[in-house]
Amino acid sequence: MLTLALAYGVLEEGLVTQSLFNPNYAGLHLLQHWFVPALGISVPWTLTVLAIHTVWSIGVPIALMENLAPAEARTAPWLRTPGLVVAAVLYVLGSLLTVVGTLSNDHFVAPWPRLAGAAVIAVALIVLAFRWPRRAGQLPGRVPAPALVLVLTLVAGGLLRLPDAVPTWVNVGLMVAAFAATTVAVLHWSRRAEWGAGHRLALAAGATLTYAWRSFFMTPFAGDGPVITPVSHVVFALLALLLLYVEMRSLRTKAPEAAHPGEALADLRSR
C-alpha cells in the first residue's frame, strides 16, 4: 500500500501539479536548494513532498480508518468493483481539474523527458507494489511498547524538514536518516507476533500529531491573518487530539485480539 502511495505522490507532483520540476510553483521557489540540473528536481523538496504523500496523504488516513473497524479491515475490501470505478473516475477528473487550475495560474510545463520519466517511475512503483512477496507468517521476538513507537515517530516527524536556516546538507542527511531508520524499524518490528493494532495506531498517531504541531510554524498559502491563522491551527490540533481519543477508545472496544498493545497505548491518556 505504501508503494502505491509513493506512486501516487510521483503522479501528483510530477505530472499533475509538476511541483517537482517547477522552480516557481505557487511562488514558493521550491527548487533553490540542492537542485539537480540533470533531473530538474530539488533533493530536499522531492524527499519532503513524496514523504508527505506516502505517509500523510495515504498511509495515515488508511491506518486511522482501519483502526475504527479492525475486524472488517482484515477480511473485507473497502470498495467493490463499482466503487473502484467511481473512485478512479473521480481521481481522473480531480487530476484534470488540478492540471487546468495549475496551468491557468502558472503556464509552466516541464520538458517532456522529465514528465515521461515521472510516468515511468510511477508505473514501475505500481507494478512493484503488486509483486512484493507475501510474508510467510510472523516471527518470535519482542517489540517496543506502543508508547515508545509513538515517541520515535514524533522524533522522525520532527526531522522531516528543518527550518531553512539549517544547512541543506544537514537537512537532507537527517531526513534520509529518519526515513531509513523508521522504515527499517517498522519492517523489522511488524513481522513480530507481538506487533499489533496498538503499534499501528501509535505510528498513525505520531504522524497525525506531527502534522498538528508543525502547522503552528507554517504560513498559509492564502488567508493569513493575525487571528484566523493561530485560531485555525488550534482548532485543527484539537480536532486531531479528539480523533486520536476516539481511535484509542475504538482500539480498546473493537480489537480485543490486540489487548496487550492497546492497553499500553491507552496509558498515554494519562500522560
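Residues numbered from 1 in each chain as written. Predicted model: local features only at pLDDT ≥ 70, side-chain atom pairs only at ≥ 80, totals over all residues. Heavy atoms only, no water.

Colleague: Which parts of the structure should I look at to understand the overall build of the chain?
Modeller: Along the backbone of the chain there are 10 helices and 2 strands. Ordered by position from N to C terminus, the α and β elements of the chain give α-β-β-α-α-α-α-α-α-α-α-α. Since a compact globule built from 271 residues should have a radius of gyration of about 18 Å, the 20 Å found for the chain is in line with a globular shape. Judged by the C-alpha coordinates and their principal axes, the chain covers about 55 × 45 × 35 Å. A total of 271 residues make up the chain; the buried ones form 37% of that total. Taking all contacts inside the chain whose residues are at least 6 apart in sequence as the whole, residues at least 24 apart take part in 74%. Of the roughly 16,200 Å² of accessible surface on the chain, 72% is carried by carbon and sulfur atoms. If you average the places of the 17 positive and of the 12 negative side-chain charges in the chain, the two averages end up 9 Å apart. (Helix = DSSP H or I, 4+ residues; strand = E, 2+ residues; numbered from the N terminus. Rg over C-alpha atoms; globule rule 2.2 N^0.38 Å. Buried < 20%, exposed > 50% of the residue type's maximum accessible area, 1.4 Å probe, protein only. Contact = heavy atoms within 4.5 Å. Areas by Shrake-Rupley, 256 points an atom, 1.4 Å probe, with all protein chains shown as cover. Lys, Arg positive; Asp, Glu negative; His and termini not counted. Charge placed at Lys NZ, Arg CZ, Asp CG, Glu CD.)

Colleague: Explain empty space enclosed by the protein here, please?
Modeller: Empty pockets left among the atoms are what a rolling probe the size of a water molecule brings to light. Across all of its chains, the model carries 2 cavities of 30 Å³ or more by this definition. In this structure, the largest cavity encloses a volume near 50 Å³. What lines the largest cavity is simply His-33, Pro-44, Arg-161, Asp-164, Val-166, Pro-167, Thr-168 and Asn-171. Its residues assigned to classes, the lining of the largest cavity shows 3 nonpolar, 3 polar and 2 charged. Here the second largest cavity is characterised by a volume of approximately 40 Å³. Contributing to the lining of the second largest cavity are Val-16, Thr-17, Gln-18, Asn-22, Val-99, Thr-102, Leu-103 and Phe-108. No other element matches the 3 residues that helix α4 (residues 81-105) contributes to the lining of the second largest cavity. Its residues assigned to classes, the lining of the second largest cavity shows 4 nonpolar, 4 polar and no charged. (1 Å grid on protein atoms, 1.4 Å probe; cavity = no way out; pocket = protein on both sides within 12 Å on 5 of 7 lines; lining within 4 Å. Points joined across faces, edges and corners; volume = space filled by probe spheres on them. Nonpolar A, V, L, I, M, F, W, Y, C, P; charged D, E, K, R; others polar.)

Colleague: Is there a simple way to think about the side chain of Ser-19 in this case?
Modeller: Tracing the backbone through its elements, the reader meets Ser-19 in the loop between α1 (2-16) and β1 (35-36). Engagement of the side chain of Ser-19 in a polar contact is seen with the side chain of Glu-13, the distance being 2.4 Å. When near neighbours in sequence (up to four residues on either side) are disregarded, Ser-19 contacts Glu-13, Tyr-25, Leu-31 and Trp-45. (Polar contact = N/O pair within 3.5 Å; in protein donor to acceptor, adjacent residues only side chain to side chain.)

Colleague: Looking at this structure, how should I read the packing of helix α2 (residues 43-68) against helix α7 (residues 168-189)?
Modeller: Axis angle and axis distance: for two packed helices, these are the angle between their axes and the distance between the axes, and together they describe the pair. Between α2 and α7, the least distance of the axes is 10 Å, while the angle of their chain directions is 30°. In the crossing of α2 with α7, the sense of the turn from one axis to the other is left-handed. Residue-level contacts link Val-43, Pro-44, Leu-47, Thr-48 and Ala-51 of α2 to Thr-168, Val-172, Met-175, Val-176 and Phe-179 of α7. Class assignment of the residues belonging to the contact of α2 with α7 gives a composition of 8 nonpolar, 2 polar and no charged. (Axes fitted to C-alpha atoms, helices over the stretch in contact; angles between N-to-C directions. Left-handed = near helix turned anticlockwise from the far one by under 90°.)

Colleague: Explanation requested: α1 in the structure shown.
Modeller: Counted at 1.5 Å a residue, the expected span for α1 with its 15 residues is 21 Å, and the 20 Å between its end C-alpha atoms agrees. Along α1, the positions that sit buried rather than exposed are Thr-3, Ala-5, Ala-7, Gly-9, Val-10, Glu-12, Glu-13, Gly-14 and Val-16. Taken together, the buried residues of α1 touch α2, α4 and α5 (112-129). Of the residues trailing α1, Gln-18 is marked for its positive phi of about 60°. (Expected span 1.5 Å × (residues − 1).)

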